[in-house]
Amino acid sequence: LQLALVAVAKNHNQIALLFHILGSLVNVIGASCKRRYILREKKASKVSDELNNGEISSGRGLNQESGIQRAGDTRWGSHYGTIVSLTVIFSATIDVLEIVAEDGKKDEQRGEACGLLDLVQSFDFIFKLRLMKGVFGITNELSQALQSKDQDIVNAMSLVKVSKQRLQMMRDEGWEDLLR
């Protein structure tokens, strides 16, 4: 299931481009300890501000430190993890790209950061990111359930049916969940 989803998703040129851009983001930000540190600091600052403003709540397991996760070639679950992590730290990622675009030591670094800034802030990129987060989110639940050691065939078929229904609803009824 996982390999089939990756193959189908990457067979569409625009989605393949999305994952290429995600890979470039991981490379630019993950290329230096300093950039990873800045990303963590920006995210921590944002969480602190949101906590102080009452926009988010605190509690066990909430608001964990996160970075951009690298996607693996054979496990689409890692692609889902990359998408989720980017949506969580999107504004901090933009901040880091802006810093690299301004202060990068090499012309290539500054140029790549400027290009990525334009791409990741575009409507197309954000739409595709949210679309794939929705699709992979639905299929991730199914995949996790199918990997359970105590799964029986009757329950598995029921889960497949529910996943198909949720994907069809997403297609038929609109994209409200993608905009959140």
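Since this is a predicted model, take the numbers as computed values, not measurements.

A.B. asks: So what's going on with the overall build of the chain? Which residues, and what values?
C.D. replies: When helices and strands are tallied, the chain shows eight helices and zero strands. Overall, the chain shows an N-to-C arrangement of helices and strands of α-α-α-α-α-α-α-α. Within the chain, contacts between residues at least 6 apart in sequence are counted, and of these 65% link residues at least 24 apart. If you sum the accessible surface of the chain, you get close to 11,300 Å²; carbon and sulfur atoms cover 52% of it.

A.B. asks: Requested: an account of the nonpolar core, with residues and values cited.
C.D. replies: In this structure, Leu22, Leu97 and Phe125 are the most contacted members of the largest nonpolar core, which totals 29 residues. If you list the elements that add at least two residues to this core, you get helix 2 (13–30), helix 3 (33–52), helix 4 (76–88), helix 5 (90–103), helix 6 (107–120) and helix 7 (123–146). At eight residues, the largest contribution of residues to this core is made by helix 2. When residues no more than four places from it in sequence are discounted, the contact partners of leucine 97 are Leu25, Val28, Ala113, Leu116, Leu117 and Val120.

A.B. asks: Describe helix 2, naming the residues involved and giving the relevant values.
C.D. replies: With 18 residues, helix 2 should reach 26 Å at 1.5 Å per residue; the first-to-last C-alpha distance of 25 Å fits that figure. Every buried residue of helix 2 is listed here: Ile15, Leu18, Phe19, Ile21, Leu22, Ser24, Leu25, Val26, Val28 and Ile29.

A.B. asks: Could you give an account of the packing of aromatic side chains, with specific residues and numbers?
C.D. replies: A full pass over the atoms with the stated rule returns two aromatic pairs. Centroid distance phenylalanine 19 to phenylalanine 136: 6.1 Å. Interplanar angle 20 degrees. Geometry classified as stacked. In this pair, phenylalanine 19 is assigned in helix 2 and phenylalanine 136 in helix 7, connecting sequence segments 117 residues apart. Judged by its relative accessible area of 2%, phenylalanine 136 falls in the buried class. Aromatic side chains phenylalanine 123 and phenylalanine 127 sit 5.8 Å apart centroid to centroid with 20 degrees between the ring planes, which places their arrangement in the stacked category. With a gap of four residues between them, phenylalanine 123 and phenylalanine 127 both fall in helix 7, about one helical turn apart. With a relative accessible area of 33%, phenylalanine 127 lands in the partly exposed category.

A.B. asks: Got a sec to walk through the pattern of salt bridges? Specific residues and values, please.
C.D. replies: Where side chains of opposite charge bring their charged atoms close, a pairing between them can arise. Tallied over the entire structure, the rule returns one salt bridge. With its nearest N and O atoms 2.1 Å apart, the salt bridge here joins aspartate 107 to arginine 110. A residue pair is termed a helical-turn pair when its members lie 3 or 4 positions apart in one helix, as aspartate 107 and arginine 110 do in helix 6 at three residues. The class of arginine 110 is partly exposed, set by a relative accessible area of 25%.

A.B. asks: Report on the side chain of lysine 128, specifying residues and quantitative values.
C.D. replies: You can see lysine 128 is positioned in helix 7. No salt bridge is formed by the buried lysine 128; the nearest opposite charge belongs to aspartate 124, separated by 4.6 Å. Residues in contact with lysine 128, not counting those within four places in the same chain, are Gln14, Ile15 and Leu18.

A.B. asks: How would you sum up the confidence of the model for the chain? Please name residues and give values.
C.D. replies: Across the chain, the average pLDDT comes to 81, with 82% of residues at 70 or higher. When pLDDT is averaged over each helix and strand of the chain, the minimum, 75, is found for helix 1 (residues 2–11) and the maximum, 92, for helix 6. Of the regions scoring below 50 in pLDDT, residues 60–65 engages in seven contacts with residues more than four places distant in sequence or in other chains.

Parameters at a glance
- Residues numbered from 1 in each chain as written.
- Predicted model: local features only at pLDDT ≥ 70, side-chain atom pairs only at ≥ 80, totals over all residues.
- Heavy atoms only, no water.
- Helix = DSSP H or I, 4+ residues; strand = E, 2+ residues; numbered from the N terminus.
- Contact = heavy atoms within 4.5 Å.
- Areas by Shrake-Rupley, 256 points an atom, 1.4 Å probe, with all protein chains shown as cover.
- Core = buried A, V, L, I, M, F, W, Y, C linked by side-chain atoms within 4.5 Å.
- Buried < 20%, exposed > 50% of the residue type's maximum accessible area, 1.4 Å probe, protein only.
- Expected span 1.5 Å × (residues − 1).
- Phe/Tyr/Trp six-rings, centres within 6.5 Å; stacked < 30°, edge-to-face > 60°.
- Salt bridge = Lys/Arg side-chain N within 4 Å of Asp/Glu carboxyl O.
- Lys, Arg positive; Asp, Glu negative; His and termini not counted.
- pLDDT = per-residue confidence, 0-100.

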